[in-house]
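Read off the chains here:
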Amino acid sequence: LAQRYDVVVTTAARWAIADASAASFIDAWRPVRAAGTEVIVIAPVPEVSAAMFECIHRRTAELADCKTPRATAFSTPDVLRAAALESGTTLIDLSDFYCDAEACPAVIGDAFVFRDRVGHVSGTYGATLAPFLGDALQAVLQQSSDGGVR
(Lines give C-alpha, C1' and ligand atoms only; values in the text may rest on other atoms or scores of the structure.)
Protein backbone atom coordinates (compact mmCIF):
# COMPACT_ATOMS: atom_id res chain seq x y z
CA LEU A 1 0.00 0.00 0.00
CA ALA A 2 1.17 3.48 -0.78
CA GLN A 3 -0.39 4.76 2.44
CA ARG A 4 -1.31 3.12 5.71
CA TYR A 5 -4.73 3.87 7.14
CA ASP A 6 -5.89 3.31 10.70
CA VAL A 7 -9.01 1.50 9.56
CA VAL A 8 -10.82 0.45 6.40
CA VAL A 9 -14.56 -0.22 6.68
CA THR A 10 -16.08 -2.23 3.86
CA THR A 11 -19.42 -3.71 2.84
CA ALA A 12 -21.25 -4.73 -0.31
CA ALA A 13 -24.72 -5.67 -1.44
CA ARG A 14 -25.31 -9.38 -0.96
CA TRP A 15 -26.75 -9.79 -4.48
CA ALA A 16 -23.90 -7.87 -6.11
CA ILE A 17 -21.19 -10.17 -4.78
CA ALA A 18 -23.01 -13.50 -4.95
CA ASP A 19 -20.66 -14.76 -7.66
CA ALA A 20 -17.50 -13.68 -5.82
CA SER A 21 -15.50 -16.00 -3.63
CA ALA A 22 -14.56 -15.46 -0.02
CA ALA A 23 -10.95 -15.93 -1.11
CA SER A 24 -11.17 -12.90 -3.43
CA PHE A 25 -12.04 -10.65 -0.48
CA ILE A 26 -9.42 -12.22 1.75
CA ASP A 27 -6.80 -11.65 -0.97
CA ALA A 28 -7.88 -8.01 -1.33
CA TRP A 29 -7.68 -7.42 2.44
CA ARG A 30 -4.32 -9.19 2.89
CA PRO A 31 -2.04 -6.27 1.85
CA VAL A 32 -4.22 -3.82 3.77
CA ARG A 33 -3.95 -5.87 6.95
CA ALA A 34 -0.25 -6.53 6.35
CA ALA A 35 0.32 -2.76 6.34
CA GLY A 36 -1.14 -2.63 9.84
CA THR A 37 -4.56 -1.33 8.86
CA GLU A 38 -7.59 -2.70 10.68
CA VAL A 39 -10.25 -4.02 8.29
CA ILE A 40 -13.84 -3.99 9.52
CA VAL A 41 -16.58 -5.67 7.51
CA ILE A 42 -20.17 -4.49 7.84
CA ALA A 43 -22.34 -7.47 6.96
CA PRO A 44 -24.60 -6.88 3.96
CA VAL A 45 -28.17 -5.82 4.62
CA PRO A 46 -30.91 -8.36 3.99
CA GLU A 47 -32.35 -8.57 0.52
CA VAL A 48 -35.86 -7.26 -0.06
CA SER A 49 -38.57 -9.06 -1.97
CA ALA A 50 -40.55 -7.61 -4.85
CA ALA A 51 -43.66 -8.70 -2.96
CA MET A 52 -42.78 -6.38 -0.09
CA PHE A 53 -42.63 -3.38 -2.41
CA GLU A 54 -45.83 -4.43 -4.16
CA CYS A 55 -47.47 -4.51 -0.73
CA ILE A 56 -46.19 -1.01 0.09
CA HIS A 57 -47.70 0.37 -3.11
CA ARG A 58 -51.15 -1.15 -2.60
CA ARG A 59 -53.45 1.60 -1.43
CA THR A 60 -55.27 -0.72 0.92
CA ALA A 61 -52.17 -2.28 2.43
CA GLU A 62 -51.45 -2.28 6.12
CA LEU A 63 -47.75 -1.39 6.15
CA ALA A 64 -47.19 -3.71 9.10
CA ASP A 65 -48.08 -6.57 6.75
CA CYS A 66 -45.43 -5.56 4.19
CA LYS A 67 -42.34 -7.63 4.86
CA THR A 68 -39.83 -10.03 3.37
CA PRO A 69 -39.61 -13.45 4.99
CA ARG A 70 -36.28 -13.80 6.80
CA ALA A 71 -35.49 -16.97 4.85
CA THR A 72 -35.88 -15.02 1.59
CA ALA A 73 -33.95 -11.99 2.84
CA PHE A 74 -30.92 -14.15 3.68
CA SER A 75 -31.19 -16.76 0.93
CA THR A 76 -28.28 -15.37 -1.10
CA PRO A 77 -25.00 -16.56 0.41
CA ASP A 78 -23.16 -13.91 2.40
CA VAL A 79 -19.70 -14.01 0.86
CA LEU A 80 -18.45 -11.09 2.97
CA ARG A 81 -19.42 -12.87 6.20
CA ALA A 82 -17.69 -16.02 5.04
CA ALA A 83 -14.54 -14.09 4.16
CA ALA A 84 -14.50 -12.23 7.46
CA LEU A 85 -14.98 -15.39 9.51
CA GLU A 86 -12.44 -17.37 7.50
CA SER A 87 -9.78 -14.66 7.75
CA GLY A 88 -10.45 -13.51 11.32
CA THR A 89 -11.46 -10.07 10.06
CA THR A 90 -13.78 -8.10 12.32
CA LEU A 91 -17.44 -8.41 11.34
CA ILE A 92 -20.21 -6.06 12.46
CA ASP A 93 -23.64 -7.51 11.80
CA LEU A 94 -26.70 -5.28 12.10
CA SER A 95 -29.13 -7.90 10.73
CA ASP A 96 -31.21 -7.94 13.90
CA PHE A 97 -31.94 -4.23 13.37
CA TYR A 98 -33.58 -5.13 10.05
CA CYS A 99 -35.35 -8.37 10.87
CA ASP A 100 -36.96 -10.30 13.65
CA ALA A 101 -36.90 -14.11 13.81
CA GLU A 102 -39.56 -14.40 11.10
CA ALA A 103 -39.33 -11.47 8.69
CA CYS A 104 -37.79 -8.17 7.69
CA PRO A 105 -40.51 -5.48 7.79
CA ALA A 106 -40.77 -2.64 5.30
CA VAL A 107 -41.36 -0.16 8.11
CA ILE A 108 -39.67 -0.07 11.51
CA GLY A 109 -40.39 2.68 14.02
CA ASP A 110 -42.42 4.70 11.48
CA ALA A 111 -39.52 4.72 9.00
CA PHE A 112 -39.32 2.94 5.68
CA VAL A 113 -36.32 0.65 5.93
CA PHE A 114 -35.44 0.46 2.23
CA ARG A 115 -35.75 3.14 -0.41
CA ASP A 116 -35.80 0.82 -3.43
CA ARG A 117 -36.04 -2.79 -4.57
CA VAL A 118 -32.28 -3.08 -4.82
CA GLY A 119 -31.99 -2.85 -1.05
CA HIS A 120 -30.58 0.62 -0.47
CA VAL A 121 -31.37 1.63 3.10
CA SER A 122 -33.50 4.75 3.39
CA GLY A 123 -31.79 7.83 4.77
CA THR A 124 -34.26 7.99 7.62
CA TYR A 125 -33.73 4.40 8.68
CA GLY A 126 -29.98 4.71 8.19
CA ALA A 127 -29.97 7.66 10.57
CA THR A 128 -31.71 5.56 13.21
CA LEU A 129 -28.99 2.92 12.86
CA ALA A 130 -26.13 5.41 13.11
CA PRO A 131 -25.80 5.32 16.92
CA PHE A 132 -25.74 1.50 16.94
CA LEU A 133 -23.20 1.30 14.14
CA GLY A 134 -21.17 4.03 15.81
CA ASP A 135 -21.15 2.13 19.11
CA ALA A 136 -20.11 -1.09 17.36
CA LEU A 137 -17.30 0.66 15.49
CA GLN A 138 -16.17 2.42 18.67
CA ALA A 139 -16.03 -0.89 20.52
CA VAL A 140 -13.95 -2.51 17.78
CA LEU A 141 -11.58 0.45 17.55
CA GLN A 142 -11.20 0.58 21.33
CA GLN A 143 -10.43 -3.13 21.44
CA SER A 144 -7.97 -2.64 18.58
CA SER A 145 -6.19 0.21 20.38
CA ASP A 146 -5.95 -2.06 23.43
CA GLY A 147 -4.21 -4.62 21.25
CA GLY A 148 -7.08 -7.10 21.14
CA VAL A 149 -8.16 -7.03 17.49
CA ARG A 150 -6.15 -7.67 14.37
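Residues numbered from 1 in each chain as written. Predicted model: local features only at pLDDT ≥ 70, side-chain atom pairs only at ≥ 80, totals over all residues. Heavy atoms only, no water.

Peer 1: Could you give an account of the pattern of salt bridges, naming the residues involved and the relevant values?
Peer 2: Throughout the structure, instances matching the rule amount to seven salt bridges. We note a salt bridge from Asp 78 to Arg 14, for which the minimum N-O separation is 3.8 Å. Within this pair, whereas Asp 78 is found in the loop between helix H3 (70-73) and helix H4 (79-87), its partner Arg 14 is found in the loop between strand S1 (7-10) and helix H1 (22-34), the two being separated by 64 residues in sequence. The closest approach of N and O atoms between Asp 27 and Arg 30, which form a salt bridge, is 2.7 Å. (Salt bridge = Lys/Arg side-chain N within 4 Å of Asp/Glu carboxyl O. Helix = DSSP H or I, 4+ residues; strand = E, 2+ residues; numbered from the N terminus.)

Peer 1: Please provide a residue-by-residue account of the environment of Ser 75, values included.
Peer 2: Summarising the element assignment, Ser 75 is placed in the loop between H3 and H4. Residues Ser 75 and Arg 14 lie 61 residues apart in sequence; the distance between their C-alpha atoms is 9.6 Å. Engagement of the side chain of Ser 75 in a polar contact is seen with the backbone oxygen of Thr 72, the distance being 3.0 Å. (Polar contact = N/O pair within 3.5 Å; in protein donor to acceptor, adjacent residues only side chain to side chain.)

Peer 1: Go over the state of the cysteines, please, and point to the residues and values.
Peer 2: The tally for this structure, following the rule as stated, stands at two disulfides. Each sulfur of the disulfide joining Cys 55 and Cys 66 lies 2.0 Å from the other. Looking along the S-S bond of the Cys 55-Cys 66 disulfide, the torsion reads about -70°, which is the left-handed sense. One end of the pair, Cys 55, is in helix H2 (residues 50-57); the other, Cys 66, is in the loop between H2 and strand S3 (67-69), and eleven residues separate them in sequence. Just as Cys 55 is buried, Cys 66 falls in that class too. A sulfur-sulfur separation of 1.8 Å characterises the disulfide bridge that pairs Cys 99 with Cys 104. (Disulfide = S-S within 2.5 Å. Buried < 20%, exposed > 50% of the residue type's maximum accessible area, 1.4 Å probe, protein only.)

Peer 1: Just give me the short version of the side chain of Arg 14, but keep the residues and values in it.
Peer 2: The class for Arg 14 is buried, based on a relative accessible area of 3%. In terms of polar contacts, Arg 14 uses its side chain to reach the backbone carbonyl oxygen of Pro 44, at 3.2 Å. Beyond its immediate sequence surroundings of up to four residues, Arg 14 is in contact with Pro 44, Val 45, Pro 46, Glu 47, Ala 73, Phe 74, Thr 76, Pro 77 and Asp 78. (Contact = heavy atoms within 4.5 Å.)

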